[in-house]
Amino acid sequence: MHKRLFIPGPTEVDPQVLMAQARPMIGHRMAEYTALYTRVIDKLRKYFKTEQNITVITSSGTLWMDITARNLVKKKALAVVNGAFSKRMFTTIRECGKEVDILDLEWGTASKPDLVLKALGEGDYDVVALAQNETSTGVRSPAEEIGKAIKKEYPEVMYVVDAVSSAGGDLLEPDKMQTDIMFTSSQKAFALPPGLSIGIVSDAAIEKSREIPGKGHYTSLPVIFDYYAKKKQNPATPNISLMYALDYQLDRMLKETPEGRYERHLAMANIVREWARKHFEMFPEPGYESMTVSTIKNTLGKSVADLNKELAKRGIAISNGYGDLKEKTFRIAHMGEWTPGEIKEVLWHIEDIWGL
Ligand SMILES: Cc1ncc(COP(=O)(O)O)c(C=O)c1O
């Protein structure tokens, strides 16, 4: 039986979006591909209300951690870490051989402007990176306030935001957030199959990257954007089938509007939060709960593994906690195309199985 995915990625993909991939192949150097790709970029620009540079890469979102390290870190980066994915940014920068310090926050807490500013004041940093939506803990950090604070005090510092599990659900506008790189993946709130990443990149980031050696080819911002400026295509062969699906899905997203998607995600998040507070407790610091994935403290000591086995029989999958939080928390994702009614249905099944 197919299990409907209430996990924080991959999320459920509408059959029509899946079908949009099943079109005849075209060459990635043909005019037909240029038309498809420029259409996708224009729709993304509309969706995110930005004039910044946009690219779609055939990769998952993690590639952008390598891109960050290789293109932007000349002196030293500050990685704000409050969970497993923000930690991956820290280790990636280090493994790329670049200098990086960690601003180590307790898991479950959010990063905040004063914390970031204080840390930036203590070193000679040229990059700061954080996860706007830390999927391992379900914590949402105020990335816009942080961006404004950074750019006011340290305008030359490059600001990188991981929006992998929130963009397309939460309302994120890179121009207002003042990001130099904001990146996301196709398999989360965009509700597409995995395999594409989207990066929104400032002119300043591309220009800075030109001064930095050792960027490789696939991960070089100048290679990507110079090629786009000249040919309006990708420098290497893209996943054209997925690009068809993204083109199709963006029409649906623009029809719903970014604000409409935000409201729907907020409504779903509110339903889960209210339910969690009635039966359990929310894991994140109050006021910083994710819009797309709710992490709930397993205060009743129930077996999350057994729950998922029972839910599977009913065609539903949720997530256990991440890493050390495996049985201490469980996560219900409400991202992509789900509706409040479907989220209520999942909660009803959990109540029924656990006898709540
Ligand atoms: C916040 C966050 N960052 C990065 C990643 C890694 O993204 P990908 O699996 O697309 O490489 C994930 C994946 O779950 C994530 O949730």
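Everything below is about the structure printed above this text.
Residues numbered from 1 in each chain as written. Predicted model: local features only at pLDDT ≥ 70, side-chain atom pairs only at ≥ 80, totals over all residues. Heavy atoms only, no water.

Colleague: Go over the overall build of the chain with me, naming the residues and quoting the values.
Modeller: From N to C terminus, the chain includes 13 helices and 15 strands. Each principal axis of the C-alpha distribution contributes one length, and for the chain these read about 60 × 55 × 30 Å. Here the chain, with 356 residues, has 58% of them falling under the buried criterion. Once local pairs closer than 6 in sequence are excluded, the contacts in the chain between residues at least 24 apart make up 71%. The centroid of the 47 positive side-chain charges in the chain is displaced by 3 Å from the centroid of its 47 negative side-chain charges. (Helix = DSSP H or I, 4+ residues; strand = E, 2+ residues; numbered from the N terminus. Buried < 20%, exposed > 50% of the residue type's maximum accessible area, 1.4 Å probe, protein only. Contact = heavy atoms within 4.5 Å. Lys, Arg positive; Asp, Glu negative; His and termini not counted. Charge placed at Lys NZ, Arg CZ, Asp CG, Glu CD.)

Colleague: Go over the packing of helix α12 (residues 304-313) against helix α13 (residues 340-354) with me, naming the residues and quoting the values.
Modeller: Running from N to C, α12 and α13 cross one another at 115 degrees; their axes reach a closest spacing of 10 Å. Crossing of α12 over α13 shows right-handed handedness. Mapping the contact onto sequence places Val304, Leu307, Glu310 and Leu311 in α12 and His349, Ile350, Ile353 and Trp354 in α13. Grouping the constituent residues of the contact of α12 with α13 by class yields six nonpolar, one polar and one charged. (Axes fitted to C-alpha atoms, helices over the stretch in contact; angles between N-to-C directions. Left-handed = near helix turned anticlockwise from the far one by under 90°. Nonpolar A, V, L, I, M, F, W, Y, C, P; charged D, E, K, R; others polar.)

Colleague: Which residues make up the site of the ligand, and what are the values?
Modeller: If you check the shell around the ligand, you find 14 residues, and the closest are Ser60, Thr62, Thr135, Asp162 and Lys188. Take Gly61: an N or O atom from its main chain is 2.9 Å from an oxygen atom of the ligand. Contact distances for the ligand include 2.5 Å between an oxygen atom and a side-chain N or O atom of Lys188. In isolation the ligand has 390 Å² of accessible area, and contact with the protein removes 90% of it. Of the residues that constitute the shell around the ligand, the class distribution is three nonpolar, eight polar and three charged. (Near = heavy atom within 4 Å. Polar contact = N/O pair within 3.5 Å; in protein donor to acceptor, adjacent residues only side chain to side chain. Areas by Shrake-Rupley, 256 points an atom, 1.4 Å probe, with all protein chains shown as cover.)

Colleague: So what's going on with the pairing of strand β5 (residues 127-131)? Which residues, and what values?
Modeller: With respect to burial, β5 is a largely interior element, five of its five residues being buried. Both faces of β5 are covered, namely the face carrying Val127, Ala129 and Ala131 and the face carrying Val128 and Leu130. Bridge analysis of strand β3 (residues 77-81) against β5 gives three bridges, and the strand direction is parallel. The partner of Leu78 across the bridge, within β5, is Val128. (Pairing = 2+ DSSP bridges.)

Colleague: Residues and numbers for the sheet that holds strand β15 (residues 329-333), please.
Modeller: Taken in spatial order, the four strands of this open sheet run β11-β12-β15-β14, and their pairing is antiparallel. The strands lining the two open edges of the sheet, one partner per strand, are β11 (281-282) and β14 (319-320). The sheet strands contacting helix α11 (residues 258-279) are β11, β12 (293-297) and β15, and the helix crosses β12 at an angle near 5 degrees.

Colleague: Go over the sheet that holds strand β2 (residues 53-57) with me, naming the residues and quoting the values.
Modeller: One open sheet accounts for seven strands, arranged β2-β10-β9-β8-β5-β3-β4; its pairing is mixed. Both outer strands of the open sheet, β2 and β4 (100-104), are each paired with one neighbouring strand and no more. Ignoring strand direction, the axes of neighbouring strands in this sheet form an average angle of 15 degrees. Taken together, the five bridges between β3 and β4 define a ladder with parallel strand orientation. Considered in β4, the bridge of Leu78 is made with Asp101. Helix-sheet contacts for helix α6 (residues 143-153) involve β5 and β8 (158-162), and the interaxial angle to β8 is about 170 degrees.

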